[in-house]
Amino acid sequence: MDSDANISTDSYPPQSPETPVASEHQDSLTLRHVLSMACKSVDIGAAVLPQPLFTPDVQDYGGEDILQDVVASMETPYARVLRHEFNAVVIEHHLKWTPLLSPMIAAHGGPSDISPDCQLGRYDFSQADSIVNWAAKHKLKVKGHVLVWHVTSPIKLLENLEPDQVREELKQHIFTVMGHYRGRIKIWDVVNEALAPDGSLAENFFYRKLGPTYIEDCFRWAHQADPDATLLYNDNKVEGIGSAKSRGLYKLLSDLKSKGVPVHGCGMQAHWNAAGTGQNLCPTPRQLKEQIRRIGELGLTVNLSELDVRVSQLDSGLRSIAQSQIYHDLVAAALSEPACNGIWLWGFTDRHTWVTHFYYDDEPLILDEQYGRKPAYFGLRQALVTLTPQGRVGGDVPLSSDKDQQGNPWGHPWRTLGEHDLLGDEDGDFASGNARPDWEVSGRKSSDLLGDENGDFASGDARPEWKDSGRKSIGDDDDEDNDEEEDGIFEDSEANISLPLSADDAESEHGDPIEISESHAEKLPEIS
């Protein structure tokens, strides 16, 4: 056998055996190619793991052990696809607090993975550095994720400290990490998932120790650490206007802005489940557009920060249809708003997805396990086309109605509205302040991943430590005024307003499907 027979680093895109040989699967037009022609600057990014980025998988080269030495020095398919398709990367796991103290833990682990010899203040940046250096070599933007998230913070090392000590450790963590990457990482998710499902502040470890002001403190410290960095708040289940949590996001951001806190934008995670109901119901394009619009009116940018689309709970015949429609319609709707400046996928190949670790087997991403382009890929790419001279803002997506041109509800026939959805009560089953992470709320047993972060308080003790420390809650001095203001904000946000596209598009809310001609594709810049 010729040991080099199955090895190639030049061809792109790669072809999987399951991918039909057709012109659309063979074209060389990539996501970043399309956005190079866009009418505004947009990040198309993907979450990255170091192991597949740097370590060749023999199965990609014919599965012969004899090839191991040959492929060891070659660029991996994962790396090749990443640099061709995307203009930005986000480090999926290894910039979180606990992984920085235990860099060799499992890629999708949690606080219980912390090793016995870990110490607060002793960092190992080697894994994260390798990704940042690789991205810089290929001129890809890097987003830092995430400075403060209670789920991946070293709670076991913090839980016995006094509140003032926790506050100092948190501040020093932000300064250490941002200082290490100052000038190299210019955009950061500062605080992640600080909201409960009902829109209140989650009573997580930092809330209980430090009080609700920990969020604004983190943003102020991050700005001090790097005044030139773009600072973002990030959360899930906040994408569609109308839910309690989406209102909570708007109120949180509005409060931070009114206090002069240096927050510049937000990420809406977009971990969507096509079969979801209740709180997990996928939003309509109109709901997403209106949520982005009102946040943009605060002077903030918005990005879809962790996009993937679970489909395994649908009938098999509907999975590809639903996934393609979500990747196309919701991305096109998001990009139709001036405030939206980024689409970030939480991975890009079904071979490497957090979903299989935290939920169940699924195929939530745009490339299959052999890096072949799925229909979802073309749906996403077509959504990006709406920003090019050959496109039309919003494409043919209904943006001011939840029904399509035929009068069917958007997402028909795969999107199912349950009783709670029809009643507008999707948040009714969650208690105020619930700090459980999304996969646990959804039924995933994760005690082995999360550790016992809630075990530091005596049974029945409902008094947070920041109260004992004398710290004030937000709004202690003006609760009545806040209630009035909140009612006004929420009432305005529920209005079913008409959303025009642009002066050129005023005559119709629907555009025509856009196709990119071969001649246009040839004019796009080459990526080497």
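Because the structure is a prediction, the values reported are computed rather than measured.

## A closer look at the nonpolar core
Point 1. Membership of the largest hydrophobic core comes to 119 residues, with the highest contact counts inside it found for Leu82, Trp188, Phe206, Met268, Ile343 and Ile366.
Point 2. The greatest single-element share of this core, amounting to nine residues, is contributed by helix α14 (residues 316-335).
Point 3. With near-sequence residues (within four places) excluded, leucine 82 lies in contact with Ala46, Val48, Leu53, Val89, Trp134 and Phe348.
Point 4. Ranked by size, the runner-up nonpolar core spans nine residues in total, among them Ala88, Val90, Val355 and Tyr359.

## Quick look at helix α9 (residues 163-180)
Point 1. With 18 residues, α9 extends 26 Å from end C-alpha to end C-alpha; this agrees with the ideal 26 Å at 1.5 Å per step.
Point 2. Pro163, Val166, Leu170, His173, Ile174, Val177 and Met178 are the residues of α9 that are buried. When α9 is viewed along its axis, its buried side chains cluster within an angular range of 105° and face the same direction.

## Examining the pattern of salt bridges
Point 1. Scanning the model with the defined rule gives 16 salt bridges in all.
Point 2. Put simply, glutamate 337 and lysine 289 hold a salt bridge, and the shortest N to O gap is 2.8 Å. Taken together, the residues span a long stretch of sequence, with glutamate 337 in the loop between α14 and β9 (340-345) and lysine 289 in helix α13 (residues 285-296) at a distance of 48 residues. Both residues of the pair, glutamate 337 and lysine 289, belong to the buried class.
Point 3. The shortest N-O distance in the salt bridge between lysine 374 and aspartate 350 comes to 2.8 Å. Highlighted residues: lysine 374 in the loop between α15 (355-358) and α16 (375-385) and aspartate 350 in the loop between β9 and α15, separated in sequence by 24 residues.
Point 4. Aspartate 350 sits in the buried class, given a relative accessible area of 5%.
Point 5. When salt bridges that share partners are traced, they join Asp27, Glu85, Arg373 and Arg381 into one network.

## Section: the environment of glutamine 382
Point 1. On the secondary structure map, glutamine 382 appears in helix α16.
Point 2. Between the alpha carbons of glutamine 382 and valine 331 there is a distance of 9.5 Å; along the sequence they are 51 residues apart.

## Comments concerning the packing of α9 against helix α11 (residues 214-225)
Point 1. Running from N to C, α9 and α11 point in directions that differ by 35°, and their axes come no closer than 9 Å. Regarding α9 and α11, the two cross each other, and that crossing is right-handed. For the pair formed by α9 and α11, the contact residues are Arg167, Leu170, Lys171, Ile174, Phe175 and Met178 on the first element and Asp217, Cys218, Trp221, Ala222, Gln224 and Ala225 on the second.
Point 2. Here the residues of the contact of α9 with α11 sort into eight nonpolar, one polar and three charged.

## Quick look at unusual backbone geometry
Point 1. With an omega of 0°, the peptide bond between histidine 145 and valine 146 qualifies as cis.
Point 2. Cis geometry marks the peptide bond from histidine 412 to proline 413; its omega dihedral reads 15°.
Point 3. Locating proline 413 in the fold gives a position in the loop between α16 and α17 (419-423).
Point 4. Positioned with a positive phi, glutamate 193 is a non-glycine residue whose angle comes to about 55°.
Point 5. Following the sequence through the fold, glutamate 193 ends up in the loop between β4 (187-192) and α10 (205-210).
Point 6. We note that tyrosine 371 has phi near 70°; this positive angle belongs to a residue other than glycine.
Point 7. Looking at the secondary structure, you find tyrosine 371 in the loop between α15 and α16.

## What to know about the packing of α13 against α14
Point 1. In contact at an axis separation of 8 Å, α13 and α14 are set at 25° when each is read in the N-to-C sense. In terms of orientation, α13 lies roughly parallel with respect to α14. Seen along the crossing, α13 lies across α14 with a hand that is right-handed. Between α13 and α14, the contacting residues are Pro285, Leu288, Lys289 and Ile292 on the first element and Asp329, Leu330, Ala333 and Ala334 on the second.

## Some thoughts on the pairing of strand β8 (residues 301-310)
Point 1. The element β8 is extensively covered by neighbouring structure, given that nine of its ten residues are classed as buried.
Point 2. Bridge analysis of strand β6 (residues 265-268) against β8 gives four bridges, and the strand direction is parallel. By the bridge assignment, methionine 268 is partnered in β8 with leucine 304.
Point 3. When β8 meets β9, the two strands line up parallel, connected through four bridges.

## Re the side chain of aspartate 362
Point 1. Tracing the chain through its elements places aspartate 362 in the loop between α15 and α16.
Point 2. Of the side chains with opposite charge, arginine 310 lies nearest to the buried aspartate 362, which makes no salt bridge, at 5.1 Å.
Point 3. From its side chain, aspartate 362 meets the backbone nitrogen of valine 311 in a polar contact 3.1 Å long.
Point 4. A polar atom in the side chain of aspartate 362 sits 2.8 Å from the side chain of serine 312.
Point 5. Apart from the residues within four sequence positions on either side, aspartate 362 is in contact with Arg310, Val311, Ser312, Val355 and Thr356.

## Focus: the packing of aromatic side chains
Point 1. All chains considered together, the criterion is met by eleven aromatic pairs.
Point 2. Here the aromatic cluster, defined as three or more aromatic residues joined through ring pairs, consists of Trp354, Phe358, Tyr359 and Tyr360.
Point 3. Looking at lysine 143, its charged tip hangs above the ring of tryptophan 344, at a distance of 4.3 Å from the centre.
Point 4. When the ring centre of tyrosine 359 is taken as origin, the NZ or CZ atom of arginine 310, which lies over that ring, is 4.0 Å away.

Rules of the game
- Residues numbered from 1 in each chain as written.
- Predicted model: local features only at pLDDT ≥ 70, side-chain atom pairs only at ≥ 80, totals over all residues.
- Heavy atoms only, no water.
- Core = buried A, V, L, I, M, F, W, Y, C linked by side-chain atoms within 4.5 Å.
- Buried < 20%, exposed > 50% of the residue type's maximum accessible area, 1.4 Å probe, protein only.
- Helix = DSSP H or I, 4+ residues; strand = E, 2+ residues; numbered from the N terminus.
- Contact = heavy atoms within 4.5 Å.
- Expected span 1.5 Å × (residues − 1).
- Arc of directions from axis to C-beta.
- Salt bridge = Lys/Arg side-chain N within 4 Å of Asp/Glu carboxyl O.
- Axes fitted to C-alpha atoms, helices over the stretch in contact; angles between N-to-C directions.
- Left-handed = near helix turned anticlockwise from the far one by under 90°.
- Nonpolar A, V, L, I, M, F, W, Y, C, P; charged D, E, K, R; others polar.
- Parallel < 35°, antiparallel > 145°, perpendicular 65-115°, else oblique.
- Pairing = 2+ DSSP bridges.
- Lys, Arg positive; Asp, Glu negative; His and termini not counted.
- Polar contact = N/O pair within 3.5 Å; in protein donor to acceptor, adjacent residues only side chain to side chain.
- Phe/Tyr/Trp six-rings, centres within 6.5 Å; stacked < 30°, edge-to-face > 60°.
- Lys NZ or Arg CZ within 6 Å of the ring centre and 35° of its normal.

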